[in-house]
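One-letter residues, chain by chain:
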Amino acid sequence: MKIKVGILGASGYVGSELVRLLLHHPRAQIVYIGSKNHLAQNYQELHPQLGLDLCFGDEDLSAVELDVLFAATPHELSASFFNENLLKRMKIIDLSAAFRLKNLQNYELYYGFTHPNAKLVQNSVYGLCELYEPEIRAARLVANPGCYTTCSILSLHPLIKEGLVDENSIIIDAKSGVSGAGRAARLEHLFCEVNENLRAYALTSHRHLPELEEQLGRAAGRDLAVQFSPHLVPMQRGILTTSYANLRGKSSEKDLRALYRDHYANKPFVRILAEKTLPQTRWVRGSNFMDINLSLDARTGRVIVLGALDNLIKGAAGQAVQNMNLMFGLDECAGLEFFAAL
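Residues numbered from 1 in each chain as written. Predicted model: local features only at pLDDT ≥ 70, side-chain atom pairs only at ≥ 80, totals over all residues. Heavy atoms only, no water.

### Considerations on the pairing of strand β1 (residues 3-8)
Part 1 of the reasoning: With five of six residues buried, β1 is to be regarded as a mostly interior element.
Part 2 of the reasoning: Where β1 lies against strand β2 (residues 28-34), six bridges are found, and the strand directions are parallel. Considered in β2, the bridge of I3 is made with A28.
Part 3 of the reasoning: Where the polypeptide runs from β1 across helix α1 (residues 13-23) and back to β2, its parallel neighbour, the crossover connection is right-handed. (Buried < 20%, exposed > 50% of the residue type's maximum accessible area, 1.4 Å probe, protein only. Helix = DSSP H or I, 4+ residues; strand = E, 2+ residues; numbered from the N terminus. Pairing = 2+ DSSP bridges. Right-handed = clockwise from strand over helix to strand, strands pointing away.)

So, in structure tokens, the structure goes:
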């Protein structure tokens, strides 16, 4: 039996990737797509390459029968739109940040709104599949993680979980393709502004910072603060993070690499690369894989961890499908078993 799927916000970059992935999923059937800006328009007019013959509906789901709803919508809309009655009728995978943060004050500080739905926030599950699989399998509302955060958390989690680094020394240098900023037209994202350019932005105030600190703090068992420096690079998609931390005690690079292999054993979408093979965004482009490797600088006593993923797939749509697979008891890899194109 097919899983009846709806996608709210199907016209954006993440929404269109959800459509592409779900059209080829062996158990999914897209029966509803929603978009305020393209109401009643056929999807093929917007994305003819995908071949989905379905018209956009409005945000009224009262007459729509769904097993699961993917929401690639603005944060404030998700925060106010979802409720207990809706969750009784369907499972929800939210790709906004509306349910990622347990500390409600951070919505005011970083997103500029007061969250209207504290109960659902507390009942939501953070959908990082490699870390929280049991909770995701039992969840009805999953908060799909952000792209920077997925890459950074998976890069650092083994070290922090095992207490091998000084958490106060962590610095994350992150670089993202332009699609991470969404499809809305903005001056700073025009071709002539981005091409042949590399720039930092939102230093000390990026919206993913509280999400990072909350989840890494969960691994550490205490509150922590990290330095997070995001950069925009002139490519369409991809994220590369380079994370630095001071090592506690004495560990060899061989020991650290073995720790990572053990930590992510049986996690099909995390690849620990061979020694001296450093992650590159082109190796994960268009796939749901995340590549990780590390180097130990004996001179400074720092460990350097590199991670790479596709911000639209493992950082968004692919991870959402991975969450759906777990929530419905399917093979975690269903519909996601493909590699990056050359």
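Now, onward.
### Structural notes on the packing of helix α7 (residues 129-137) against helix α12 (residues 313-327)
Part 1 of the reasoning: One can describe the packing of α7 onto α12 by two numbers: an axis separation of 9 Å at closest approach and a directional angle of 40 degrees. Taken together, the axes of α7 and α12 are oblique relative to one another. Crossing geometry of α7 relative to α12 is assigned as right-handed. Where α7 approaches α12, its residues C129, E130, E133, I136 and R137 are matched on the opposing element by K314, Q319, Q322, N323, L326 and M327.
Part 2 of the reasoning: Tallied by class, the residues present in the contact of α7 with α12 amount to four nonpolar, three polar and four charged. (Axes fitted to C-alpha atoms, helices over the stretch in contact; angles between N-to-C directions. Parallel < 35°, antiparallel > 145°, perpendicular 65-115°, else oblique. Left-handed = near helix turned anticlockwise from the far one by under 90°. Contact = heavy atoms within 4.5 Å. Nonpolar A, V, L, I, M, F, W, Y, C, P; charged D, E, K, R; others polar.)

### Structural notes on the environment of N123
Part 1 of the reasoning: Mapped onto the elements of the fold, N123 is located in helix α6 (residues 118-123).
Part 2 of the reasoning: N123 sits 21 residues away from K102 along the chain, and the two C-alpha atoms are 9.4 Å apart.
Part 3 of the reasoning: Setting aside anything within four residues of it in sequence, one finds N123 in contact with E84 and K102.

### Some words on α7
For an α-helix, the turn length of 3.6 residues means that residues three or four places apart are oriented alike.
Part 1 of the reasoning: Taken together, the buried positions of α7 are occupied by C129, E130, L131, Y132 and I136. The buried residues of α7 occupy one face: seen down the axis, they fall within an arc of 155 degrees. (Arc of directions from axis to C-beta.)

### Describing the nonpolar core
Part 1 of the reasoning: Formed by 77 residues in total, the largest nonpolar core has its most connected members in V5, I7, L18, L22, F70, I292 and V303.
Part 2 of the reasoning: V5 has contacts with L22, A28, Q29, I30, V31, Y32, L66, V68, F70 and M324, leaving out every residue within four places of it along the chain.
Part 3 of the reasoning: In terms of nonpolar packing, the next biggest core, distinct from the first, is built from 24 residues, Y32, L69, Y107 and V121 among them. (Core = buried A, V, L, I, M, F, W, Y, C linked by side-chain atoms within 4.5 Å.)

### Concerning the packing of aromatic side chains
Part 1 of the reasoning: In the structure shown here, the tally under the stated rule is ten aromatic pairs.
Part 2 of the reasoning: Here the aromatic rings of Y107 and F113 are separated by 5.7 Å at their centres, their planes lie at 40 degrees, and the arrangement is tilted.
Part 3 of the reasoning: In this structure an aromatic cluster arises from ring pairing among F81, F82 and F99.
Part 4 of the reasoning: Between K91 and the ring centre of F328, over which it is positioned, the NZ or CZ distance is 4.5 Å.
Part 5 of the reasoning: Across from the ring centre of Y132, 3.9 Å away, lies the NZ or CZ of R218, which sits over that ring. (Phe/Tyr/Trp six-rings, centres within 6.5 Å; stacked < 30°, edge-to-face > 60°. Lys NZ or Arg CZ within 6 Å of the ring centre and 35° of its normal.)

### A look at the environment of F228
Part 1 of the reasoning: Note on placement: F228 falls in strand β9 (residues 227-232).
Part 2 of the reasoning: Given a relative accessible area of 4%, F228 falls into the buried group.
Part 3 of the reasoning: Sequence-wise, F228 and H206 are 22 residues apart; in three dimensions their C-alpha atoms are separated by 7.9 Å.
Part 4 of the reasoning: Ignoring any residue separated from it by four or fewer positions in sequence, one finds F228 in contact with Y148, S152, I172, A174, T204, H206, L209 and L212.

### Things to note about the pattern of salt bridges
Part 1 of the reasoning: The tally for this structure, following the rule as stated, stands at 15 salt bridges.
Part 2 of the reasoning: Two residues, R237 and D310, come together in a salt bridge whose shortest N-O distance is 2.8 Å. Taken as a pair, R237 in the loop between β9 and β10 (239-246) and D310 in the loop between β13 (302-309) and α12 lie far apart in primary sequence, 73 residues in all. This pair shows no difference in class: R237 is buried, exactly as D310 is. (Salt bridge = Lys/Arg side-chain N within 4 Å of Asp/Glu carboxyl O.)

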